[in-house]
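Below, each chain spelled out in residue letters.
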Amino acid sequence: MLLIVKETQERFYTYRIIMAIDTIVFDFGGVLVDWNPRHLFRKVFSDEKEMELFLEEICTDDWNLEQDRGRLLSEATELLVEQYPEKAALIRMYYSRWPEMLNGTIDGTVEILKAVKDHYKVYGLTNWSAETFPIALERYDFFKLLDGIVVSGTEKLIKPGLEIFNLLIERFNINPQKTVFVDDNIKNIEAAKTLQFKTIHFHNPEQLRSKLLELGVEL
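Only a predicted model underlies this, so the values are computations on that prediction, with no experimental measurement involved.

## Brief notes about the pattern of salt bridges
Then step 1. Taken as a whole and judged by the stated rule, the model has 14 salt bridges.
Then step 2. With a shortest N-O distance of 2.8 Å, Lys117 and Asp147 are connected by a salt bridge. A residue pair is termed long-range when its members are at least 10 positions apart, and Lys117 in helix H6 (residues 107–117) and Asp147 in the loop between helix H7 (133–139) and strand E7 (148–151) qualify at 30 residues.
Then step 3. Across the salt bridge formed by Lys193 and Glu190, the nearest N and O atoms sit 3.7 Å from each other. With Lys193 and Glu190 both in helix H10 (residues 186–194) and three residues apart, this pair spans about one turn of that helix.
Then step 4. What emerges from the salt-bridge pattern is a single network uniting Asp27, Lys159 and Asp183.

Structure below.
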């Protein structure tokens, strides 16, 4: 469906064609699911600074991202144990106690998902290990509301690479110009913009609701 908007400029009218939204794509971690390794490691470290140093220098975001790209958890773990044998117990804990990094859903966003599901196609596009994603999938019922999900670790493709966005588009016959993409990572947002998605850089559910309404999404 097309919306034609009439705009007045002095005595002249101009017309702007806007493609009505029919699809919304959600990221998961940090948007719908409260995942954070600190939920686990605050139980382990007595010193917050030591914990942050461990996560910044050893079990880093970049290291974890390779598991989201498809690297096996066992391979990733042993790689770090070989580099930092004195931290072996903590490194092995990262995935042996991984479920403790899940701190429930971000309820406000889940409520928005439920509201838009009545009017739009809804998909998930996530950077997530193929080995750990099934744990979250089984734990949280909101996943059943989605019309489809693309998981980076399964596809061996990862955001912000355009290949995984194109896979989403082709697999589910999505028109980016009629789709809102929601993610908490600005690099992923910028990538989606290059493919003409409408985008919302997620900060919190209240901000998301406001931005969706600005885009004309029915809630």
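Okay, back to it.
## Thoughts on the pairing of strand E3 (residues 23–26)
Within a regular strand, the side chains alternate between the two sheet faces.
Then step 1. Alternating residues of E3 divide into Thr23 and Val25 and Ile24 and Phe26, and every residue in both groups is buried.
Then step 2. Relative to strand E6 (residues 121–126), E3 is paired through four bridges, and the arrangement is parallel. Paired with Ile24 across the bridge in E6 is Val122.
Then step 3. Bridge analysis of E3 against strand E8 (residues 179–183) gives four bridges, and the strand direction is parallel. Paired with Val25 across the two strands is Phe181, which belongs to E8.

## Topic: unusual backbone geometry
Then step 1. For the bond running from Lys159 to Pro160, omega is 10°, close enough to zero to count as cis.
Then step 2. Its location among the elements puts Pro160 in the loop between helix H8 (152–155) and helix H9 (162–172).
Then step 3. One non-glycine residue, Lys156, adopts positive backbone phi at about 60°.
Then step 4. With respect to the secondary-structure elements, Lys156 resides in the loop between H8 and H9.
Then step 5. Backbone geometry at Gln196 places phi at a positive 75°, although glycine is not the residue there.

## Concerning the nonpolar core
Then step 1. Ranked by internal contacts, the top residues of the largest apolar core, which has 50 residues, are Phe26 and Phe41.
Then step 2. When near neighbours in sequence (up to four residues on either side) are disregarded, Phe41 contacts Met51, Phe54, Leu55, Leu90, Met93, Tyr94 and Met101.
Then step 3. Core analysis: the second largest hydrophobic core is formed by 16 residues, Val25, Ile164, Ile169 and Phe197 among them.

## Brief notes about helix H4 (residues 73–83)
Because an α-helix packs 3.6 residues into every turn, residues spaced three or four apart end up facing the same way.
Then step 1. Of the residues making up H4, those classed as buried are Leu73, Ala76, Thr77, Leu80 and Val81. What you see down the axis of H4 is that its buried residues fit within an arc of 130°, all on one side.
Then step 2. Those residues of H4 hidden inside the fold are in contact with helix H3 (61–68) and helix H5 (88–96).

## With respect to the side chain of Ser152
Then step 1. Structurally, the position occupied by Ser152 is in helix H8.
Then step 2. Leaving out residues up to four positions away in the same chain, Ser152 has contacts with Asp68, Arg69, Thr126, Asn127, Trp128, Leu157, Ile158 and Ile164.

## Focus on the sheet that holds strand E9 (residues 198–201)
Then step 1. Strands sit in the order E7-E6-E3-E8-E9 across an open sheet of five strands; the sheet is parallel. Looking at which strands have only one partner, the edges of the open sheet turn out to be E7 and E9. Going across the sheet, the axis of each strand differs from the next one's by a mean of 20°, ignoring polarity.
Then step 2. Alignment of E8 against E9, held across four bridges, turns out to be parallel. Residue pairing for E9: Asp183 is matched across the bridge by His201.

Calculation rules
- Residues numbered from 1 in each chain as written.
- Predicted model: local features only at pLDDT ≥ 70, side-chain atom pairs only at ≥ 80, totals over all residues.
- Heavy atoms only, no water.
- Salt bridge = Lys/Arg side-chain N within 4 Å of Asp/Glu carboxyl O.
- Helix = DSSP H or I, 4+ residues; strand = E, 2+ residues; numbered from the N terminus.
- Buried < 20%, exposed > 50% of the residue type's maximum accessible area, 1.4 Å probe, protein only.
- Pairing = 2+ DSSP bridges.
- Core = buried A, V, L, I, M, F, W, Y, C linked by side-chain atoms within 4.5 Å.
- Contact = heavy atoms within 4.5 Å.
- Arc of directions from axis to C-beta.
- Axes fitted to C-alpha atoms, helices over the stretch in contact; angles between N-to-C directions.

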